[in-house]
Amino acid sequence: MLKSNGMAQTIKQWPESDRPREKLLEKGAETLSDAELLAIILRTGEASTGQSAVDHGRELMARFETFRSLEGASLQELCAIKGIGPAKAAQIKAVLEIAKRYSEEPIQQGEQFRSSRDVFQHYREHLGSQKKELFYVLLLDGKNRKIKDVRISEGSLTSSLVHPREVFNPVIRESAAAVILVHNHPSGDPTPSQEDLEITRRLREVGEVMGVRVLDHIVVGKGRYVSFVDDGYW
């Protein structure tokens, strides 16, 4: 918004009905645009350039398009935008992490997994936004209740990274009766690779020898997943 002399106005000079914070208080958060919501988090603009917090919010959304993409941006990428320094970048990352944790549906110790979707909902926010592959084994008791989840490896899945010894050591230690294998595809496409299929086959064979049920292997992508059981991969 500009004054008649061409200088940019600060948000405090805007009519109250146009100010993001006052608009939220009067009409509700759902009436605000993405840029206006970010402006409330950023609080202030850049005095030297006359840019308001809303201007910064608009520039962020123009650059990253969605909050999910913004959440995946590095601090360096955020700070590369004019007017966004380390403090503002930290504010953005903090509020998006809060949103991510709020949207998770974690299964607590002792709660029962009833379907592959339960597993996906438990891991979707944590794994869906990762830029590298993480492999977890979910340890269950005889009634499919969670004992704990254990991270086995980080990096592109290979038989050397996901060795049966690394997977079944915690199974023995925790006296688990069954496991669910879980990993993510940073590409966003959860379609299992040939390596995924081979690793799963090996782990199932070891589980049979040890008397431990390998119930499923869930591959998490961006907003979707593949269940080896539900989708016919075994």
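Everything quoted here is computed from the prediction, not taken from an experiment. (Residues numbered from 1 in each chain as written. Predicted model: local features only at pLDDT ≥ 70, side-chain atom pairs only at ≥ 80, totals over all residues. Heavy atoms only, no water.)

(A) Expanded view of the sheet that holds strand β1 (residues 134-140). Taken in spatial order, the five strands of this open sheet run β2-β1-β3-β4-β5, and their pairing is mixed. At either end of the open sheet lies a strand with only one pairing partner, and these are β2 (146-154) and β5 (225-227). For this sheet, the mean angle separating the axes of adjacent strands, direction not counted, is 20°. As defined by bridge partners, β1 adjoins strand β3 (residues 178-184) across six bridges and the pair is classed as antiparallel. Its bridge partner lying in β3, Leu 140 is registered against Ala 178. Against the sheet, helix α8 (residues 164-173) engages β1, β2, β3 and β4 (213-220), with an angle of about 30° to β1. Packed onto the sheet, helix α9 (residues 194-210) meets β1, β3 and β4 and runs at close to 160° relative to β4. (Pairing = 2+ DSSP bridges. Helix = DSSP H or I, 4+ residues; strand = E, 2+ residues; numbered from the N terminus. Axes fitted to C-alpha atoms, helices over the stretch in contact; angles between N-to-C directions. Contact = heavy atoms within 4.5 Å.)

(B) Structural context of the confidence of the model for the chain. Confidence in the prediction for the chain averages 86 pLDDT; 87% of positions are at 70 or higher. Throughout residues 1-9 the model reports pLDDT below 50, and contacts reaching past four residues in sequence, or to other chains, amount to 15 contacts. (pLDDT = per-residue confidence, 0-100.)

(C) Summary view of the pairing of β1. In terms of burial, β1 is largely enclosed, as seven of its seven residues are buried. Covered by surrounding structure in β1 are Leu 134, Tyr 136, Leu 138 and Leu 140 together with Phe 135, Val 137 and Leu 139, the residues of both alternating faces. For β1 and β2, the ladder comprises seven bridges, and the chain directions are antiparallel. Each residue of the ladder has a partner; that of Val 137, found in β2, is Val 150. Hairpin geometry of β1 and β2 is characterised by an intervening segment of five residues between the two adjacent antiparallel strands and by a positive phi of about 60° at Asn 144. (Buried < 20%, exposed > 50% of the residue type's maximum accessible area, 1.4 Å probe, protein only.)

(D) Quick peek at the pairing of β3. Counting buried positions along β3 gives seven out of seven residues, so the element sits mostly inside the fold. Residues Ala 178, Ile 180, Val 182 and Asn 184 line one face of β3 and the alternating positions Val 179, Leu 181 and His 183 line the opposite face, and both faces are buried. Two elements, β3 and β4, share seven bridges in a ladder whose sense is parallel. If you follow Val 182 over to β4, its bridge partner there is Ile 218.

(E) Looking closely at the environment of Ser 69. Within the secondary structure layout, Ser 69 lies in helix α4 (residues 67-71). Of the residues examined, Ser 69 reaches a relative accessible area of 34% and is grouped as partly exposed. Each C-alpha atom of the pair Ser 69 and Ser 129 lies 8.9 Å from the other, and the pair is 60 residues apart in sequence. A polar side-chain atom of Ser 69 sits 3.1 Å from the main-chain carbonyl oxygen of Phe 64. (Polar contact = N/O pair within 3.5 Å; in protein donor to acceptor, adjacent residues only side chain to side chain.)

(F) View of the packing of aromatic side chains. Counted by the stated rule, this structure contains four aromatic pairs. Here Tyr 123 and Tyr 136 contribute two aromatic rings whose centre-to-centre distance is 5.6 Å and whose plane-to-plane angle is 50°, an arrangement assigned as tilted. One end of the pair, Tyr 123, is in helix α7 (residues 116-128); the other, Tyr 136, is in strand β1, and 13 residues separate them in sequence. By relative accessible area, which is 3% here, Tyr 123 ends up buried. Since its relative accessible area comes to 11%, Tyr 136 is described here as buried. What links up through ring pairs into an aromatic cluster is the set Phe 228, Tyr 233 and Trp 234. Across the ring face of Phe 64, the terminal group of Arg 63 is positioned such that the distance to the ring centre comes to 4.5 Å. We note Arg 204 situated over the ring of Trp 234; from NZ or CZ to the ring centre the distance is 4.1 Å. (Phe/Tyr/Trp six-rings, centres within 6.5 Å; stacked < 30°, edge-to-face > 60°. Lys NZ or Arg CZ within 6 Å of the ring centre and 35° of its normal.)

(G) Just the side chain of Lys 146, in detail. Along the chain, the position of Lys 146 falls in strand β2. A residue is classified by how much of its surface remains accessible, and Lys 146, at 13% relative accessible area, is buried. Other than its neighbours up to four places away in sequence, Lys 146 contacts Ile 107, Gln 108, Gln 109, Gly 110, Glu 111, Phe 113, His 122, Leu 138, Leu 139 and Leu 140.

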